[in-house]
Amino acid sequence: MEGPEVSPGMRAVIVGGGLGGLAVALRLRAAGWETVVCDNGPAFGGKMNRWEAAGYRFDTGPTLLTMPEVLRRLYDDLDERLEEHLELEELDPHAEYVYPDGFRLLVPARWEAWRETVGRLAPGDVAGLDALHRLGERIFRLSEDTFFRNHPLAARVPPLGALRHLPLRHAWGSYARTVERFIKNEYLRRIFLRYPTYVGSSPYLCPAMLLVIPYLEHAFGAWYVKGGMYRIIESLLTLARARGVELLAGAEAVRIDHDGRRTGGVRLRDGRRIDADAVIFNGDGAALAGLLGFPEPARLVSRSLSGFVLLVGLRERPAGLSHHTVVFSADYRAEFDALFGERRFPDDPTVYVNAPRDATLAPPGGQALFLMANAPGDGAQRWDRSAVAEARRRVFERLRSAGLDDLERRAELCEVWHPARFAERYLAPGGAIYGDNSHGWRRAFLRPPNRSRRLAGLYCVGGSFHPGGGVPMVLLSARITAGLVLGDAGRR
Ligand SMILES: Cc1cc2nc3c(=O)[nH]c(=O)nc-3n(C[C@H](O)[C@H](O)[C@H](O)COP(=O)(O)OP(=O)(O)OC[C@H]3O[C@@H](n4cnc5c(N)ncnc54)[C@H](O)[C@@H]3O)c2cc1C
């Protein structure tokens, strides 16, 4: 474990049992803290969750694991071997992209193979591909010892100093314009323009520093966890139980108690109070003010994307389907104008299809299919029956264009997760998946910090906070937050 040794007798309550909450609980427990995790839901894992019916098991959240070394680091720090808990599988190809004109492109895992693919498709773009990769690598190298270790404004040596070495006009400029400057082929551009959605953002509104995402995918691979991504949560829960982390499901915190200077614990909806030396909030950043009794913003602004997800059980696995397939809409720009400008579900959505080849997830010969389209995460769109039916129709219509004609007819079951359901289940206003979006360099780079500047004893972990959303960033967030809690306790 990083950070100073802390004597037993300290107690932390973690509000939210998502990935970040569980990881921070395990880290503090390993340092001798008494830890209590309370989650409003019936099951732990937060957005990394599972839904089961009729012999099918679906991940309802993440389907792609990137930067697996960050996950390994958690197990290492807990003196556990990842291989004894999880079976990771590297995917090759990473994904198949299907375009409105019927063109299909497989992106191989190995960088050299990808360069060759690009060389065959658009020889003039190989140099641009290399340039974007180098820029992504540069951003990653600078982040490794700075941004990934602490909040930029908390570090003793602000990484802003280091970042001046970046070719600034590219890293801080527009993501889409940077891609369009280096890549001329429209098929390739589309692939690059999709990456900012990994953090719930628009490629047309976020800074080019998010080019670190395609770099990470090629440098560290795209991975699957056998048995489904929820296996990660199951394994963390097994460790938590074995090590004495107290896990309270169906336990919503309705108040974080404080005297204006320091927090002292939380109050649950059922009236219980849990005293603690540290309160660690793992929920959505937009809900924190309400829990503290501070004024809340009247309207949700700058939210990241939510998702419109269909969990489809098929009796027969469709032939030739990759693990990840992305079926692009006809007009990508119009899609983001609808999502962030008009704040509504797009007329023609890009659809992501996840079809893991994993016999444990479906009855024999069958397929558990996860379909997802981006949806607004700001609560502006109502999700009544007709809106859900219409969004579902648009998703299947787009899939028909990719030759997946009769999925709907062949579906044995089709369960919908829409933004309002995400919002209600995870207490995430608007159903946003990643807290605030990463539009503009400030929001991308200066995420809300992991330690409250206002209240001693209050810490934050998870996708809403530094360094951001997605599995690896959330795990880094847990490492940073645990380090802050232990460091502060050591100084008391
Ligand atoms: C559909 C979907 C697809 C995704 N795909 C990917 C992917 O492919 N790859 C990837 O890396 N990431 C993906 N993500 C994002 C990833 O799941 C999240 O970034 C990550 O799991 C968030 O973890 P977290 O620690 O922030 O906690 P969360 O998952 O946000 O969990 C927080 C928990 O706290 C609980 N809570 C909130 N308020 C309270 C309260 N007051 N009292 C008690 N409990 C409370 C919530 O109910 C929830 O259980 C996806 C997410 C979704 C929804």
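Rules behind the numbers
Position labels on residues start from 1 in each chain and follow its written sequence. The model is predicted, so local features are restricted to residues of pLDDT at least 70 and side-chain atom pairs to those at 80 or more, both for listing and for counting; the totals for chains, interfaces and linings are taken over all residues. Values shown for side chains rest on all heavy atoms present in the structure; no hydrogens or waters enter the calculation. For the purposes of this entry, the term helix denotes a DSSP run of H or I that reaches at least four residues, the term strand denotes a run of E that reaches at least two, and both are numbered from the N terminus. The globule rule is 2.2 Å times the number of residues to the power 0.38, and the radius of gyration it is compared with is taken over C-alpha atoms. Note on definitions: a residue-residue contact is assigned when non-hydrogen atoms from the two residues lie within 4.5 Å. Pairing between two strands requires that DSSP report at least two bridges joining them. Lines are fitted to the C-alpha atoms to define the axes, a helix being fitted only along its stretch in contact, and any angle between axes, read from their N-to-C directions, falls within 0 to 180 degrees. A pairing counts as a salt bridge when a side-chain nitrogen of Lys or Arg comes within 4 Å of a carboxyl oxygen of Asp or Glu. Working definition: with a 1.4 Å probe on protein chains only, accessible area under 20% of the residue-type maximum means buried, over 50% means exposed, and in between means partly exposed. A residue's pLDDT is the confidence the predictor assigns to it, expressed on a 0 to 100 scale. One fewer than the residue count of a helix, multiplied by 1.5 Å, yields its expected span. Under the scheme applied, nonpolar residues are Ala, Val, Leu, Ile, Met, Phe, Trp, Tyr, Cys and Pro; charged residues are Asp, Glu, Lys and Arg; polar residues are all the others, including Gly. Remark: nonpolar core denotes a set of buried residues (Ala, Val, Leu, Ile, Met, Phe, Trp, Tyr, Cys) joined through side-chain atoms within 4.5 Å.

A.B. asks: For this particular structure, what's the right way to read the overall build of the chain?
C.D. replies: On a plain count of helices and strands, the chain comes out with 17 helices and 19 strands. Taking 23 Å as the expected radius of gyration for a compact globule of 492 residues, we find that the chain reaches 22 Å, a close match to that expectation. Taken over the C-alpha atoms alone, the chain extends approximately 65 × 55 × 50 Å along its principal axes. Considering only contacts within the chain whose residues lie at least 6 apart along the sequence, 73% involve residues at least 24 apart.

A.B. asks: How should unusual backbone geometry be read in this particular structure?
C.D. replies: Residues other than glycine predominantly adopt negative phi, and peptide bonds predominantly adopt the trans conformation. Along the chain, Asp92 connects to Pro93 via a cis peptide bond; the corresponding omega equals 5°. Among the structural elements, Pro93 can be located in the loop between strand S5 (88–90) and strand S6 (95–98). Cis geometry is adopted by the peptide bond preceding Pro467, which originates at His466 and carries an omega value of 0°. For Pro467, the location among the structural elements is in the loop between strand S19 (458–460) and helix H17 (471–491).

A.B. asks: Looking at this structure, how should I read the sheet that holds strand S10 (residues 253–258)?
C.D. replies: Either a parallel or an antiparallel arrangement is found when strands of a sheet pair, and the pairing is made through backbone hydrogen bonds. The strand order across the open sheet formed by three strands is S10-S11-S12, and the pairing between neighbours is antiparallel. If you trace the sheet from one side to the other, it starts and ends with S10 and strand S12 (273–275), each paired once. Across the sheet, the mean angle from the axis of one strand to that of its neighbour is 20°, orientation sign disregarded. Where strand S11 (residues 263–268) meets S12, three bridges bridge the pair, whose relative direction is antiparallel. Within the sheet, the bridge partner assigned to Gly265 lies in S12 and is Asp275.

A.B. asks: Help me understand the pattern of salt bridges, please; the structure alone is not making it clear to me.
C.D. replies: Side chains carrying opposite charge are able to pair once their charged atoms draw close together. Following the criterion strictly, the structure yields 41 salt bridges and no others. Note that Arg115 and Asp130 form a salt bridge whose closest N and O atoms lie 2.8 Å from each other. Separated by 15 residues along the polypeptide, Arg115 in helix H3 (residues 111–121) and Asp130 in helix H4 (residues 126–144) bring together distant segments of the chain. Arg394 is paired through a salt bridge with Glu390; the nearest N and O atoms lie 2.9 Å apart. In this pair, Arg394 and Glu390 are both assigned in helix H13 (residues 385–400), four residues apart and thus about one turn of the helix distant. One salt-bridge network, in which partners are shared between bridges, spans Glu342, Arg344, Asp347, Glu390, Arg393, Arg394 and Glu397.

A.B. asks: Is there a simple way to think about helix H9 (residues 212–220) in this case?
C.D. replies: An α-helical segment advances 3.6 residues per turn. Residues three or four places apart therefore align on the same side. Most of H9 sits out of view: seven of its nine residues are buried. Every buried residue of H9 is accounted for by Val212, Ile213, Pro214, Tyr215, Leu216, Glu217 and His218. In the segment just after H9, Gly221 is the residue with positive phi, at about 90°.

A.B. asks: For this particular structure, what's the right way to read the sheet that holds strand S13 (residues 278–281)?
C.D. replies: Sheet architecture is open: five strands sit in the order S9-S2-S1-S13-S19, paired in parallel fashion. The open sheet is flanked by strand S9 (246–248) and S19, the only strands paired with a single partner. Within the sheet, the average angular offset between the axes of one strand and its neighbour, ignoring direction, is 20°. Examined bridge by bridge, S13 and S19 share three bridges and lie parallel to one another. Note on S19: the bridge partner recorded for Phe281 is Cys460. Along the sheet, H17 makes contact with S13 and S19, crossing S19 at roughly 160°.

A.B. asks: Explain the confidence of the model for the chain to me, please; I cannot follow it from the model alone.
C.D. replies: Caution applies to low-pLDDT parts of the model: their predicted coordinates are not meant to be read in detail. In the predicted model, the chain carries a mean pLDDT of 93, and the fraction of residues at 70 or more is 95%. In this model residues 1–7 is a low-confidence stretch, pLDDT under 50, and it forms 14 contacts with partners more than four residues away in sequence or in other chains.

A.B. asks: What is the right way to read helix H1 (residues 19–30) from this model?
C.D. replies: Look at H1: 17 Å from first C-alpha to last across 12 residues, which is about the 16 Å you get at 1.5 Å a residue. Within H1, 10 of the 12 residues are buried, leaving the element largely enclosed by the surrounding structure. Looking only at H1, the buried set comprises Leu19, Gly20, Gly21, Leu22, Ala23, Val24, Ala25, Leu26, Arg27 and Leu28. The first or second residue beyond H1 is Gly32, which carries a positive phi of 95°.

A.B. asks: Can you walk me through the packing of H3 against H4 in this structure?
C.D. replies: Think of two packed helices as two axes; the pair is described by the angle between the axes and how far apart they sit. Put simply, H3 and H4 touch, their axes get as near as 9 Å, and they point 145° apart. Here Trp111, Trp114, Arg115, Val118 and Gly119 of H3 lie close against H4, whose contacting residues are Val126, Leu129, Asp130 and His133. Taken together, the residues that form the contact of H3 with H4 break down as five nonpolar, two polar and two charged.

A.B. asks: Explain the nonpolar core to me, please; I cannot follow it from the model alone.
C.D. replies: Within soluble globular proteins, side chains that are nonpolar generally end up buried alongside one another. Counting 116 residues, the largest nonpolar core has Leu19, Trp33, Tyr97, Trp114, Tyr175 and Ile280 as its most contacted members. Counting residues per element, this core draws most heavily on H17, at 12 residues. Residues contacting Tyr175, with those up to four places away along its chain left out, are Phe192, Leu193, Tyr195, Pro196, Pro203, Cys206, Pro207, Ala208, Leu210, Leu211 and Pro214. Formed by 26 residues, the second largest nonpolar core is a distinct cluster that contains Val327, Leu371, Val388 and Phe396.

A.B. asks: Where do I start with the packing of H4 against helix H7 (residues 175–182) in this structure?
C.D. replies: H7 packs onto H4 with a crossing angle of 140° between their chain directions and a minimal axis gap of 8 Å. In this structure, H4 contributes Gly128, Ala131, Leu132 and Leu135 to the contact, and H7 contributes Thr178, Val179 and Phe182. Split into classes, the residues belonging to the contact of H4 with H7 amount to five nonpolar, two polar and no charged.

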